[in-house]
Amino acid sequence: MKAVVWHGIGDIRLDDVADPQIQEPTDAVIDITRSAICGTDLHFIRGTMAPMAEGTILGHEAVGVVTEVGSAVRGLTPGDRVVVSSAVSCGTCRYCRMGQTAQCDVANPNGPQAGTCFFGGPESTGPVNGLQAEKARIPWAVNTLIPIPDGVSDEQAILCSDIFPTAWFGAELAGVTRGDTVLVLGAGVVGQFAIESAKRQGAGRVIVVDRVQTRLAQALEQHAEVVNFDEEDPVEVVMSLTGGVGVDRVIDCVGVDSQRPQRGPAAEQAEEQAEQFAQEVQQVAPDADPQGDLWVPGNAPSQAAQWAVQCVAKNGQIGIIGVYGPTMTSYPIGAAMNKNLTIRMGNCDHRTTIPPLLDLVATGVVDPTRFISQEVGTSSAIEAYERFDQREEGWLKTVLDVA
Ligand SMILES: [Zn+2]
Ligand SMILES: [Zn+2]
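Residues numbered from 1 in each chain as written. Chains lettered and ligands numbered in written order. Predicted model: local features only at pLDDT ≥ 70, side-chain atom pairs only at ≥ 80, totals over all residues.

### Some words on the overall build of the protein chain
Link 1 in the chain: A count of helices and strands for the protein chain gives 14 helices and 15 strands.
Link 2 in the chain: Its C-alpha atoms give the protein chain a radius of gyration of 20 Å, within 12% of the compact-globule value 22 Å for 403 residues.
Link 3 in the chain: C-alpha atoms of the protein chain, sized along the principal axes, occupy 60 × 45 × 40 Å.
Link 4 in the chain: With 403 residues in all, the protein chain has 55% of them scored as buried.
Link 5 in the chain: Counting only contacts in the protein chain whose residues sit at least 6 apart along the sequence, the fraction spanning at least 24 positions is 75%. (Helix = DSSP H or I, 4+ residues; strand = E, 2+ residues; numbered from the N terminus. Rg over C-alpha atoms; globule rule 2.2 N^0.38 Å. Buried ≥ 20, exposed ≤ 12 C-beta atoms within 10 Å, placed from the backbone. Contact = placed C-beta atoms within 7 Å.)

### Considering the nonpolar core
Link 1 in the chain: The biggest cluster of nonpolar side chains holds 122 residues, and the ones touching the most others in it are Val-184, Leu-185, Val-208 and Ile-251.
Link 2 in the chain: Element by element, the count of residues in this core is highest for helix H5 (residues 163-173), at 7 residues.
Link 3 in the chain: Here this core spans two domains, since at least three of its residues come from each of domain 1 (2-162 + 348-401) and domain 2 (164-345).
Link 4 in the chain: Apart from the residues within four sequence positions on either side, Leu-185 is in contact with Val-209, Val-250, Ile-251, Asp-252, Cys-253, Val-254, Ala-304, Trp-307 and Ala-308.
Link 5 in the chain: If you look at the next biggest cluster of nonpolar residues, it comprises 8 residues, including Phe-277, Ala-285, Ala-300 and Val-323. (Core = buried A, V, L, I, M, F, W, Y, C linked by C-beta atoms within 7 Å. Domains from an automatic or database assignment.)

### What about the sheet that holds strand S13 (residues 342-345)?
Link 1 in the chain: Taken in spatial order, the 6 strands of this open sheet run S10-S9-S8-S11-S12-S13, and their pairing is parallel. For this open sheet the edge positions go to strand S10 (225-228) and S13, each flanked by a neighbour on one side alone. Strand-to-strand twist across the sheet, computed as the mean angle between neighbouring axes with direction ignored, equals 20 degrees.
Link 2 in the chain: Here 4 bridges tie strand S12 (residues 312-320) to S13, and the two strands are oriented parallel to one another. Across the sheet, residue Ile-318 finds its bridge partner in S13, namely Ile-343.
Link 3 in the chain: Packed on one face of the sheet, helix H7 (residues 213-221) meets strand S9 (205-210) and S10 and runs near 165 degrees to S10.
Link 4 in the chain: Contacts between helix H11 (residues 303-311) and the sheet are confined to strand S8 (181-185), S9, strand S11 (247-252) and S12, with S11 contributing the most and set at about 170 degrees to the helix. (Pairing = 2+ DSSP bridges. Axes fitted to C-alpha atoms, helices over the stretch in contact; angles between N-to-C directions.)

### Describing the domain arrangement of the protein chain
Link 1 in the chain: Domain boundaries in the protein chain define domain 1 (2-162 + 348-401) and domain 2 (164-345).
Link 2 in the chain: Taking only C-alpha atoms into account, the centre of domain 1 sits 25 Å from that of domain 2.
Link 3 in the chain: Facing the 32 residues of domain 1 at the interface are 30 residues of domain 2.
Link 4 in the chain: Breaking the side of domain 1 that touches domain 2 down by element, the ones donating at least two residues are helix H1 (39-46), helix H13 (350-362) and helix H14 (381-389).
Link 5 in the chain: Per element, the largest residue contribution to the side of domain 1 that touches domain 2 is 6 residues, and it comes from H1.
Link 6 in the chain: Of the residues belonging to the side of domain 1 that touches domain 2, the class tally is 14 nonpolar, 10 polar and 8 charged. (Nonpolar A, V, L, I, M, F, W, Y, C, P; charged D, E, K, R; others polar.)

### A closer look at H11
Link 1 in the chain: By the criterion of burial, H11 is predominantly enclosed, with 8 of the 9 residues buried.
Link 2 in the chain: When H11 is considered as a whole, its buried residues turn out to be Gln-303, Ala-304, Ala-305, Gln-306, Trp-307, Ala-308, Val-309 and Cys-311.

### Focus on the packing of H5 against helix H6 (residues 189-200)
Link 1 in the chain: Contact pair H5 / H6: the axes reach a minimum separation of 8 Å and the direction vectors enclose 55 degrees. In terms of axis orientation, H5 runs oblique to H6. Classified by chirality, the crossing of H6 by H5 is right-handed. Contacts from Ile-163, Phe-164, Thr-166, Ala-167, Trp-168, Gly-170 and Ala-171 of H5 reach H6 at Val-189, Val-190, Phe-193, Ala-194, Ser-197 and Ala-198.
Link 2 in the chain: Split into classes, the residues belonging to the contact of H5 with H6 amount to 10 nonpolar, 3 polar and no charged. (Parallel < 35°, antiparallel > 145°, perpendicular 65-115°, else oblique. Left-handed = near helix turned anticlockwise from the far one by under 90°.)

### Concerning the packing of H5 against H13
Link 1 in the chain: Between H5 and H13, the shortest axis-to-axis distance is 9 Å and the interhelical angle comes to 105 degrees. Classified by the angle between their axes, H5 and H13 sit roughly perpendicular to one another. Listed contacts from H13 to Phe-164, Pro-165, Trp-168 and Phe-169 of H5 are His-350, Thr-353, Ile-354 and Leu-357.
Link 2 in the chain: When its residues are assigned to classes, the contact of H5 with H13 shows 6 nonpolar, 2 polar and no charged.

### What about H6?
Link 1 in the chain: The terminal C-alpha atoms of H6 lie 17 Å apart, and with 12 residues this matches the ideal 16 Å at 1.5 Å per residue to within 8%.
Link 2 in the chain: The buried fraction of H6 amounts to 10 of the 12 residues, a majority that puts the element mostly inside the structure.
Link 3 in the chain: Along H6, the residues classified as buried are Val-189, Val-190, Gly-191, Gln-192, Phe-193, Ala-194, Ile-195, Glu-196, Ser-197 and Ala-198.
Link 4 in the chain: Buried-residue contacts for H6 involve H5, S8, S9, H7 and S11.
Link 5 in the chain: Downstream of H6 by one or two residues, Gly-202 has phi in the positive range, about 115 degrees. (Expected span 1.5 Å × (residues − 1).)

### Points about the environment of Gly-151
Link 1 in the chain: Turning to its location among the elements, Gly-151 is positioned in the loop between strand S7 (145-147) and helix H4 (154-158).
Link 2 in the chain: Taking the C-alpha atoms as reference points, Gly-151 and Val-361, separated by 210 residues in sequence, lie 9.1 Å from one another.

Here it is as structure tokens:
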């Protein structure tokens, strides 16, 4: 079968690989009908995440049809349409039974302290072969696969594999409650769903910071209050919009590939921190291998974290869902300490977050397809990666039509 395979930093290829097989009685195999490229995938190619194993199939978002189940799989049968939880979880351990499926004790073959196990990730997360492929082996299928309600299309379900649940989880981490003023950092597709999620969880106002015009335009369509950090200083704008108090909650949807302002009033301060940012880039991406404009790590790894701490009100709360790898050790902890902040973070508990969101889609309350900007065949996957990587206008979310 065809699959997108990681060969090295700056080197991914569309390869012919062996079809996946059932390996454990708890496995299933699915035919994938839709997959997607996620910002998280870019970290592995830019070198801003932990080491990958060569030959790992990339991708952690998919929708498909069950074709085969292991002997211990009850509750699923061939022919079932399913959405794949990006993170693998067993369903039996104490974490899974508390709903904290991203910290499943059993799924990660590196042991219970190794953290989240997800498809198509670094060695430390499994590795488990990913979902940008025609077929996939699904460990702990009963827990990792979620049946799709009738009436929800593959195009609608694909954004419920990782993007919508991660954004929803981010709003929960930020502790959004009724009436809150919420700042969303980053208006990529997770940021777009963070706006939606914050509003549904009760936010009174949502302010969004980015610099890509097409992303800001989509945030504005959702009636978020948009700020372009290349034109205005986001901290100044947030303070003036909130009577000098700051926002109640921040959802950081950016993570380690943060970019600093290139122009405008915020660029000057970023320039003063240029040396610090350069050291951070060296620390988080020592093996980066940019090819011209391609696979370039973000030039200011702690920029979003700094803005979060500066923009939030005293005693406020920050939820971090933008990806930071273990090599990222800088965070403005002193400033946060002196504002009595609460900071929560982590990988989405997909298994327990996805089902109610599928219901929001099934009932027509939310239509995720409005955030799909490109739909391409698998043969164009590498080109799609390259264009998405360059942060081009109009590239919000690429879905791979595998069927
Ligand atoms: Zn993703
Ligand atoms: Zn578990």
